[in-house]
Amino acid sequence: MPKVALIFPYFRTKSSTEMLFPPLGAASLLAQLNQRHIETRIFDCTFQTFSRVAKALVAYQPDIVGISSMILLSRNTFRFAELVRRQLPEALLVVGGPMPTLYPKRYAGPFDLVFRGEADLGFPDFCQDYFTGQVSRKTIYQLDLAKYPGLFGHNLDVFVDNPVIHYSTQEIRNFPIPDRSQFDHASYQKAWLEKNGSHTTSIMITLGCPFDCDFCSRPVFGHLYRKRNLFVVFEEIRQIKQLGYDQLWIADDNFTLNLSLLRQFCERMLGMGMKWSCLSRSTGITEDIARLMRSSGCQRVYLGLESGSDETLRLMNKKATLDDATQAVEHFRQAGIQVAAFFIVGYPGETPASIERTFRLALSLPLNEISFNVPFPLPGSALFDRVSGIDPDKDWSKENDVTFVYTSEFDPQWLKKRIHQTLREFNLRLRQSPTSLSGT
């Protein structure tokens, strides 16, 4: 029987900022491939070693190997590609994810085909046609490759460069629930129990973000905002509970964007016995919606406040103000929801004075957690196109929060010192008066 292997090439680092979740992209593809009766195995590397995964992959003898890649997984992606070419020479090797979507030509050498953008239907349809047509790597040209959105390839005597698409809301509402059956849930739950005493896993309810923040890159889901069917979402949540999880991380770019959807979700969560956390913008939050979120189980929100300067926020094209930030934090705090905030310091065009205003803002707000990063110009972002001195072939295998990966006018040592001082003062205040920041 023909077989597909899906590889998620992330190996656990055990860093303090690590948030471990089963790869939803692989689970979604597995559900689609199951509908087409295609034998598929997920190779989730999170709790494994490369040699152990390599041995299992070769023993599986797949006909198609698909790898999901993003900026921090580039090295492992190409390492697996090398392994497949060496030990599984007849297997068709494909890749997808954010980085292949942005730079398909860099992947078209080691990989036979690149699936750019959303491939929830395109890749499973391709696999079905590949097996039904009984083609191989050497005869793939016999397929009508123009029918698969986002497909790119310069190998195997084919040249294909199909436009990337985004699935409509109706198509997404008909997608099956991600199949989580092949993940090591015991290890994921143990990791979260050690981290914060919970059993947390991720879910996505909306796709895409309509905003254009200067530093943001959304190569896969893009600007088109779409909502899943809430009846399907809550069936998925019931399945998640049955797997032993008690808390959700809603991984949407901006879950609180649509207040009508947010209200419907919260009302259905009442009595579910599940806690949850999410990312949120600072705009649009009211006392009423914050209280409803809390009563439905919301424990913590993560706000990208970014800066203590309205001028810097305009540079970032954030479409939010300091007043929005302070009001949102206060509404969440009064409702009893913890607030974590992200800040960026050393942004191109800002000043040491505006950086100091960011540090002061972080210390003045009733926050439960703060983090600082220097600008990280993600490929595909406006910031990436604007700054200079970036090595386009650089392997960014680790995002460093105090090291610039481009030419900056700011001294990283000074920033590192000020970040350390601010975090130390924040943690001292938190230890001295934890209840004042609890929101209760």
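Structure first, text after, so check above.
Nothing here was measured: the structure is a model prediction, and the numbers come from that model. (Residues numbered from 1 in each chain as written. Predicted model: local features only at pLDDT ≥ 70, side-chain atom pairs only at ≥ 80, totals over all residues. Heavy atoms only, no water.)

Student: Sorry if this is basic, but what is going on with the pattern of salt bridges here?
Tutor: A side chain of one charge can pair with a side chain of the opposite charge when the charged atoms of the two come close. Overall, the coordinates contain 19 salt bridges when judged by the stated rule. Across the salt bridge formed by Arg-116 and Asp-161, the nearest N and O atoms sit 2.7 Å from each other. In this pair, Arg-116 is assigned in the loop between strand E5 (113-115) and helix H6 (122-132) and Asp-161 in strand E7 (residues 160-161), connecting sequence segments 45 residues apart. The class for Asp-161 is partly exposed, based on a relative accessible area of 43%. A salt bridge links Arg-418 to Glu-356, with the shortest nitrogen-to-oxygen separation between them at 2.7 Å. Of this pair, Arg-418 sits in helix H16 (residues 412-432) while Glu-356 sits in helix H14 (residues 352-364); the two residues are 62 residues apart in sequence, bridging distant segments of the chain. In this structure Arg-418 comes out as buried when scored by relative accessible area, which is 18%. Linked by salt bridges that have partners in common, Arg-85, Asp-112 and Arg-137 make up one network. (Salt bridge = Lys/Arg side-chain N within 4 Å of Asp/Glu carboxyl O. Helix = DSSP H or I, 4+ residues; strand = E, 2+ residues; numbered from the N terminus. Buried < 20%, exposed > 50% of the residue type's maximum accessible area, 1.4 Å probe, protein only.)

Student: Sorry if this is basic, but what is going on with helix H2 (residues 50-60) here?
Tutor: An α-helical turn contains 3.6 residues, so a residue and the one three or four places further along point in the same direction. For H2, the complete set of buried residues consists of Phe-50, Val-53, Ala-54, Leu-57, Val-58 and Tyr-60. Burial along H2 is one-sided: seen end-on, the buried residues are contained in an arc of 155°. The outward face of H2, more than 90 degrees from its buried face, is lined by the exposed residues Ser-51, Arg-52, Lys-55 and Ala-59. Looking at the buried side of H2, the elements it contacts are strand E1 (3-8), strand E2 (39-44) and helix H3 (74-87). One or two positions beyond H2, positive phi appears at Gln-61, with a value near 55°. (Arc of directions from axis to C-beta. Contact = heavy atoms within 4.5 Å.)

Student: So what exactly am I meant to see when it comes to the packing of aromatic side chains here?
Tutor: Remark: the centre distance and the inter-plane angle together describe each pair of aromatic rings, the angle taken between the planes. One pass over the full model with this rule turns up 24 aromatic pairs. Residues Phe-234 and Phe-265 carry aromatic rings whose centres are separated by 5.5 Å and whose planes lie at 45° to one another, so their mutual orientation is tilted. Here Phe-234 is found in helix H9 (residues 230-242), whereas its partner Phe-265 is found in helix H10 (residues 259-269), with 31 residues between them in sequence. The residues Phe-234 and Phe-265 share a single accessibility class, namely buried. Aromatic pair Phe-265 and Trp-276: ring centres 5.2 Å apart, planes at 90°, arrangement edge-to-face. Here Phe-265, found in helix H10, pairs with Trp-276, found in strand E12 (residues 275-280); they are eleven residues apart in sequence, far enough to count as distant. (Phe/Tyr/Trp six-rings, centres within 6.5 Å; stacked < 30°, edge-to-face > 60°.)

Remember, this is a structural readout, not a statement about activity or role.
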